[in-house]
Amino acid sequence: MPELPEVETTRRRLLPLLLGRRILALDHGDPKRYRHTEKARGKRVEGLSRRGKFLLLELSEGLEAVIHLGMTGGFRLERTPHTRLVFRLDQGALFFHDPRRFGRIWVVERGDYREIPLLTRLGPEPLSEDFRFPTFWEELRRSAKPLKALLLEQRLAAGVGNIYADEALFRARLSPFLKGKEVEKEEAKRLFLALKAVLAEAVALGGSTLSDRSYQQPDGLPGGFQERHAVYGRAGLPCPACGTPIAKDVVAGRGTHFCPRCQPQRPRPRSKR
DNA sequence: AGGTCTACCTGAGGGC
DNA sequence: TGCCCTCAGGTAGACC
């Protein structure tokens, strides 16, 4: 599932293919999912950035193409059976592949995100200077929601999805069930640092490619972070830290993996006396 | 306010 | 072998 590291890797690989190119047209037959794409016709690609899980393609004449990969979206150099949209360029083409069709594209006036409310509600970029512990801690302690739900909301940090939420909680040794307001400052600090570390490491390895290979780069290259997963997709397998079998449960409606021993359900029982 | 459920999609994998 | 069922998850929205 494309989360921050996968989207960032996609951005880096697409950059040389798109920068300076002119878009001849975006071809598709699905105007509900791919909005106002006619506006991109004839525009030049001036930049490619990322915000959370959104790719932002800066176009000439003050336009912007906003792309969300959904669960299975990605770019390919050749047409696939699940190509949903084609970027026809002055030199070559790029194929938007998306078996489950959860991906979305909007062409808008630059910065006009009225049709994309989530994009305006995103919290800070966890790998940027904007990600600051005091704000993180203030938001965390105000909420009665479980940590897993908070991480998926995109408010504490933009771009975290199911895989990296589970991996960050494991690294911070915090239960996904623990409520924000039950977290102590030291624990919050661990989570803050774990998020940065796990995301940075995953970006450095090109993200995670799962066994269904739904996520890969345009040239077919897989990511390398899946081999570092400590808990995600490892239910029943031994915890890399203590050997206890990894548990799987549902939190916030999502499959959630954790080590019942390293991530106890209650905050660290403070030793009395 | 938080929790839970459903919908949107389709391929993969388990069970029989 | 083959069919049926369930699951997976990013996000929105309904409802308790």
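Conventions we followed
- Residues numbered from 1 in each chain as written.
- Chains lettered and ligands numbered in written order.
- Predicted model: local features only at pLDDT ≥ 70, side-chain atom pairs only at ≥ 80, totals over all residues.
- Heavy atoms only, no water.
- Axes fitted to C-alpha atoms, helices over the stretch in contact; angles between N-to-C directions.
- Helix = DSSP H or I, 4+ residues; strand = E, 2+ residues; numbered from the N terminus.
- Parallel < 35°, antiparallel > 145°, perpendicular 65-115°, else oblique.
- Left-handed = near helix turned anticlockwise from the far one by under 90°.
- Contact = heavy atoms within 4.5 Å.
- Nonpolar A, V, L, I, M, F, W, Y, C, P; charged D, E, K, R; others polar.
- Salt bridge = Lys/Arg side-chain N within 4 Å of Asp/Glu carboxyl O.
- Buried < 20%, exposed > 50% of the residue type's maximum accessible area, 1.4 Å probe, protein only.
- Pairing = 2+ DSSP bridges.
- UniProt positions renumbered as here; feature names shortened; annotations may be inferred.
- Domains from an automatic or database assignment.
- Buried area = accessible area lost by both parts, 1.4 Å probe.
- Phe/Tyr/Trp six-rings, centres within 6.5 Å; stacked < 30°, edge-to-face > 60°.
- Near = heavy atom within 4 Å.
- Polar contact = N/O pair within 3.5 Å; in protein donor to acceptor, adjacent residues only side chain to side chain.

### Considering the packing of helix α5 (residues 162–172) against helix α6 (residues 185–204)
Then, in step 1: Contact geometry for α5 and α6: axes closest at 8 Å, N-to-C directions at 125°. Accordingly, the angle class assigned to the pair α5 and α6 is oblique. As for how α5 packs across α6, the hand of that crossing is right-handed. Where α5 abuts α6, its residues Y164, E167, A168, L169, R171 and A172 lie against R190, L191, A194, L195, A197, V198, L199, E201 and A202.
Then, in step 2: Per-class residue counts for the contact of α5 with α6 are 11 nonpolar, no polar and four charged.

### Describing the pattern of salt bridges
Side chains that differ in charge, positive against negative, can pair when their charged atoms come close.
Then, in step 1: Under the defined criterion, the tally for this structure stands at 19 salt bridges.
Then, in step 2: With its nearest N and O atoms 2.8 Å apart, the salt bridge here joins R50 to E8. Placement of R50 in strand β3 (residues 45–51) and of E8 in helix α1 (residues 4–18) is noted, with a sequence separation of 42 residues between them.
Then, in step 3: Each of E8, R11, R12, R50, R51 and E125 takes part in a single network of salt bridges with overlapping partners.

### Brief notes about the pairing of strand β8 (residues 93–97)
Then, in step 1: Here β8 lies mainly inside the structure; four of its five residues are buried.
Then, in step 2: Alignment of strand β6 (residues 74–76) against β8, held across three bridges, turns out to be antiparallel. If you follow G74 over to β8, its bridge partner there is H97.
Then, in step 3: Pairing geometry for strand β7 (residues 83–89) and β8, over five bridges, is antiparallel. Pairing of L85 across the sheet is with F96, part of β8.

### Points about the UniProt feature "domain: Formamidopyrimidine-DNA glycosylase catalytic" (unreviewed entry) in chain A
Then, in step 1: UniProt's entry tags residues 2–103 with the feature "domain: Formamidopyrimidine-DNA glycosylase catalytic" (unreviewed entry), counted in the numbering of this structure.
Then, in step 2: Secondary structure across residues 2–103 comprises 15% helix and 40% strand; the distance between its end C-alpha atoms is 10 Å.

### Details of the domain arrangement of chain A
Then, in step 1: Looking at chain A, the domain boundaries give domain 1 (4–121) and domain 2 (133–258).
Then, in step 2: Each of domain 1 and domain 2 has a C-alpha centre, and the two are 27 Å apart.
Then, in step 3: Domain 1 puts 21 residues into the contact, and the matching count from domain 2 is 22 residues.
Then, in step 4: Roughly 1,700 Å² of surface becomes buried between domain 1 and domain 2 when both sides are summed, with 59% attributable to carbon and sulfur atoms.
Then, in step 5: At the boundary of domain 1 with domain 2, the tally comes to zero salt bridges.
Then, in step 6: Where the side of domain 1 that touches domain 2 is concerned, the elements lending two or more residues are α1, β6 and α2 (117–121).
Then, in step 7: Looking at the side of domain 1 that touches domain 2 element by element, the count peaks at 10 residues for α1.

### What about the packing of aromatic side chains?
Then, in step 1: One pass over the full model with this rule turns up 12 aromatic pairs.
Then, in step 2: Residues F133 and F136 carry aromatic rings whose centres are separated by 6.4 Å and whose planes lie at 35° to one another, so their mutual orientation is tilted. Of this pair, F133 and F136 both sit in helix α3 (residues 133–141), separated by three residues, roughly a single helical turn.
Then, in step 3: The exposure class of F133 is buried, given its relative accessible area of 10%.
Then, in step 4: With a centroid separation of 5.5 Å and an interplanar angle of 65°, the aromatic rings of F136 and F192 are classed as edge-to-face. Linking F136 in helix α3 with F192 in helix α6, this pair joins segments that are 56 residues apart in sequence.
Then, in step 5: Accessibility expressed as a relative area gives 2% for F136, which makes it buried.

### Here's the deal with the protein's contact with DNA strand B
Then, in step 1: For DNA strand B, the full set of nearby residues is R33, H82, P99, R100, R101, F102, S143, A144, K145 and P146.
Then, in step 2: For DNA strand B, the backbone makes up 73% of the atoms found within 4 Å of the protein, where backbone means sugar plus phosphate.
Then, in step 3: Residue R101 places a side-chain N or O atom 2.4 Å away from a phosphate oxygen belonging to DNA strand B.
Then, in step 4: At 3.0 Å, a backbone N or O of A144 approaches a phosphate oxygen of DNA strand B.
Then, in step 5: Class assignment of the residues belonging to the surface near DNA strand B gives a composition of four nonpolar, two polar and four charged.

### Regarding unusual backbone geometry
Then, in step 1: With a phi close to 60°, E61 is a non-glycine residue in the positive phi region.
Then, in step 2: For E61, the location among the structural elements is in the loop between β4 (54–59) and β5 (63–68).
Then, in step 3: In this structure E61 comes out as exposed when scored by relative accessible area, which is 63%.
Then, in step 4: Non-glycine residue R101 carries a positive phi angle of around 60°.
Then, in step 5: Mapped onto the fold, R101 is located in the loop between β8 and β9 (104–109).
Then, in step 6: For R101, a relative accessible area of 36% puts it in the partly exposed group.

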